[in-house]
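Read off the chains here:
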Amino acid sequence: MSDEPTTPGSDPLIGRALVAGAAEGAVLYSSEPLSFWGGYDAETGEIIDRRHPLAGRKGTGRIMAIPATRGSSTTTAVLLEAIRRGTAPAAFLTRGPDTFLALAAIVAAQLYGRTPPVVALSPRDFETLRAITRIRLEETGAIFAY
């Protein structure tokens, strides 16, 4: 994982690709974990947990940066449904490994042929995402701000 924060045109952040893949787009950042069960509407892509800082925002097609998921394996079920419907985030960036996100992405590849990348970052690199609005994620886990 990288030592320096990324800014447009600088060296990338380097994360650990739990589920490899490329994605590009707007970052949807929160310092709070998210429960997908009761917190994410798989039909609309909206974050519906009214106590969460991202409540009312849409995750569809965004690069979702959350430190971790909250809850249990139901996160995997909700995320699988969102992937099937096309309302899931384009990729996930987390503060350390998140097995529920990785499991959903791996199963989605088998069931639907669609896989949102899941990349684990160091706590310091994850915090850097707070100030980044758009990124390009490469299959290696390299993250470039632009």
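Residues numbered from 1 in each chain as written. Predicted model: local features only at pLDDT ≥ 70, side-chain atom pairs only at ≥ 80, totals over all residues. Heavy atoms only, no water.

K.L.:
Help me out: how do you make sense of the overall build of the protein chain in this one?
P.N.:
What the protein chain contains, in helices and strands, is three helices and eight strands. Start at the N end of the protein chain and walk to the C end: the helices and strands fall as β-β-β-β-α-β-α-β-α-β-β. Counting only C-alpha atoms, the protein chain reaches 35 × 35 × 20 Å along its principal axes. Here the protein chain, with 146 residues, has 49% of them falling under the buried criterion. Carbon together with sulfur atoms contributes 52% to the accessible area of the protein chain, which is approximately 6,700 Å² in total. On the protein chain, the mean spot of the 15 positive side-chain charges and the mean spot of the 15 negative ones are 6 Å from each other. (Helix = DSSP H or I, 4+ residues; strand = E, 2+ residues; numbered from the N terminus. Buried < 20%, exposed > 50% of the residue type's maximum accessible area, 1.4 Å probe, protein only. Areas by Shrake-Rupley, 256 points an atom, 1.4 Å probe, with all protein chains shown as cover. Lys, Arg positive; Asp, Glu negative; His and termini not counted. Charge placed at Lys NZ, Arg CZ, Asp CG, Glu CD.)

K.L.:
Mind showing me how you'd approach the side chain of aspartate 98 here?
P.N.:
Considering the arrangement of structural elements, one finds aspartate 98 in the loop between strand 5 (91-95) and helix 2 (99-112). Within the buried core, aspartate 98 has no salt-bridge partner, and the shortest N-O distance to an opposite charge, that of arginine 95, equals 9.8 Å. Reaching out from aspartate 98, the side chain makes a polar contact with the backbone nitrogen of threonine 69 at a distance of 2.7 Å. (Salt bridge = Lys/Arg side-chain N within 4 Å of Asp/Glu carboxyl O. Polar contact = N/O pair within 3.5 Å; in protein donor to acceptor, adjacent residues only side chain to side chain.)

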